Amino acid sequence: MSGEKPDNLPSEAELADMSRDELVRLGTKLDDVELVHYEERWPVKGTRAEKRAERSVALWFLIAALSGLAFLAAFLFWPWKYETPNTDAHFLFSLYTPIIGLTLGLSITALGVGALLYTKKFLPEELAVQQRHEGGSSEVDKATVVAELADAGERSGLGRRSLIKRTAGLGAGVFGLGVLVLPLGGLVRNPWADSDSKDSLWHTGWKSENGEKVYLRNYTGDPHEVQLLRPEDIEAGGFLTVFPFRESERNDEHALIMATKRADNPVMLLRFRPGQQIVKRAGQEDFNYGDIYAYSKVCTHLGCPASLYEQQTGLLLCPCHQSQFDVFHYGKPRFGPATRALPQLPITVDEDGYLIARSDFIEAVGPAFWERKS
Ligand code: FES
């Protein structure tokens, strides 16, 4: 901005007395700016064409506001919980992500198009060439730049285009609200309201309701097929992924599918080779059944499924950030960003010889959260 200045710079008193127009001209001269072309978009004010242009800009801001409102409504009220396939509810659920993506995307796009159209249709057409200078700006530069900006604002006519001003404010306001709701929305529902519920973060689908037995169910890929397990079904050195099953849910298609979808349900069932040296966690010495151990499959770092198992070393690898858990040593982390051991599910067999959970996990599974002590 500041380069060589003409000797006859105005004094502070003269600057204070100058009109905005005079300051703009002075600023242009001081900045070595040569206006090659300058033309008002609407030299005659208030024509029908100008009004039409104004309405087209306002329309885009209005679309931004409406789609922002649609986003807010969808984010807060659209059915977002997983529903089993082939139902009307599933169809609505499957639209949740596209709907919030489309409405938020349309809102920001409409804001951008509105702003773009406004500059195209209302800002004066100007072609200027300016020489570049080095160093900081002088007081004269600062005063004249402020005048130039104010002048540009006035010439753009924004001050007298209340329709555009209002719709732009509305569009930006609603969009801003949407952006705010996005990170805060998750906090609206209080996950601690009922910490005894099996749906709270303290519990998993392994929690028994009314004392009903919870079996370890082998997952075959078909959510309707219920395959319960006996200890002899798993070979030494082998592992299976299992999910909870209750007899009361045998004919309940929704419950059968949900048991395999719930994020904190998957458990790794491992059978170690006889004679394998195992270190058990204090207080959990009887959580295993013979050589069979059950660990949560949910990585304690960020919740990916940790199931790449190397049976010789007993290391379980999480593919997301390479945490390794030592299942011979109560699931203790050996490498990577995870800091907590994999929670162990206490298991036994019932009178018919089927593997069952003795209780839910005794600690929360998966990543840390604020209310967790460790
Ligand atoms: S989620 Fe497993 S290492 Fe990050």
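Keep in mind it's a predicted model, so treat the numbers as computed, not measured. (Residues numbered from 1 in each chain as written. Predicted model: local features only at pLDDT ≥ 70, side-chain atom pairs only at ≥ 80, totals over all residues.)

Structural notes on the pairing of strand β5 (residues 239-245)
Link 1 in the chain: Here β5 lies mainly inside the structure; 5 of its 7 residues are buried.
Link 2 in the chain: Bridge count between β5 and strand β6 (residues 267-271): 4 bridges; the pairing is antiparallel. Residue Val242 lies in a different strand from β6, and its bridge partner there is Val267. (Buried ≥ 20, exposed ≤ 12 C-beta atoms within 10 Å, placed from the backbone. Helix = DSSP H or I, 4+ residues; strand = E, 2+ residues; numbered from the N terminus. Pairing = 2+ DSSP bridges.)

A few points about helix α2 (residues 20-30)
An α-helical turn contains 3.6 residues, so any two residues separated by three or four positions project in the same direction.
Link 1 in the chain: Where α2 is concerned, the buried positions are Leu23, Val24, Leu26, Gly27 and Leu30. The arc that holds the buried residues of α2, viewed along the axis, is 165°, so those residues lie on one side.
Link 2 in the chain: A positive backbone phi angle near 55° is found at Asp32, which sits one or two residues after α2. (Arc of directions from axis to C-beta.)

Re the UniProt feature "transmembrane region" (unreviewed entry) in the protein chain
Link 1 in the chain: The sites that UniProt annotates as "transmembrane region" (unreviewed entry) are residues 57-78, 98-118 and 168-188.
Link 2 in the chain: Taken as a whole, residues 57-78 contains 95% helix and 0% strand, while its terminal C-alpha atoms sit 30 Å from one another.
Link 3 in the chain: Secondary structure across residues 98-118 divides into 100% helix and 0% strand, with the first and last C-alpha atoms of the span separated by 30 Å. (UniProt positions renumbered as here; feature names shortened; annotations may be inferred.)

Remarks on the packing of α2 against helix α5 (residues 139-155)
To describe two helices that pack against each other, one gives the angle between their axes and the distance between the axes.
Link 1 in the chain: Put simply, α2 and α5 touch, their axes get as near as 8 Å, and they point 120° apart. On the basis of their axis angle, the class for α2 and α5 is oblique. The handedness of the crossing between α2 and α5 is left-handed. Contacts from Arg20, Leu23, Val24, Leu26, Gly27 and Leu30 in α2 reach Val140, Asp141, Ala143, Thr144, Val145, Ala147, Glu148, Ala150 and Asp151 in α5.
Link 2 in the chain: Residues belonging to the contact of α2 with α5 are distributed by class as follows: 9 nonpolar, 2 polar and 4 charged. (Axes fitted to C-alpha atoms, helices over the stretch in contact; angles between N-to-C directions. Parallel < 35°, antiparallel > 145°, perpendicular 65-115°, else oblique. Left-handed = near helix turned anticlockwise from the far one by under 90°. Contact = placed C-beta atoms within 7 Å. Nonpolar A, V, L, I, M, F, W, Y, C, P; charged D, E, K, R; others polar.)

Quick look at the domain arrangement of the protein chain
Link 1 in the chain: Under the domain assignment, the protein chain is made up of domain 1 (12-188) and domain 2 (215-357).
Link 2 in the chain: Distance between the C-alpha centres of domain 1 and domain 2: 55 Å. (Domains from an automatic or database assignment.)

Things to note about the environment of Glu285
Link 1 in the chain: Within the element layout of this structure, Glu285 appears in the loop between β6 and β7 (292-296).
Link 2 in the chain: Overall, Glu285 belongs to the exposed group, with 9 C-beta atoms counted inside 10 Å.
Link 3 in the chain: Residues Glu285 and Glu148, spaced 137 residues apart in sequence, show a C-alpha to C-alpha distance of 78 Å.

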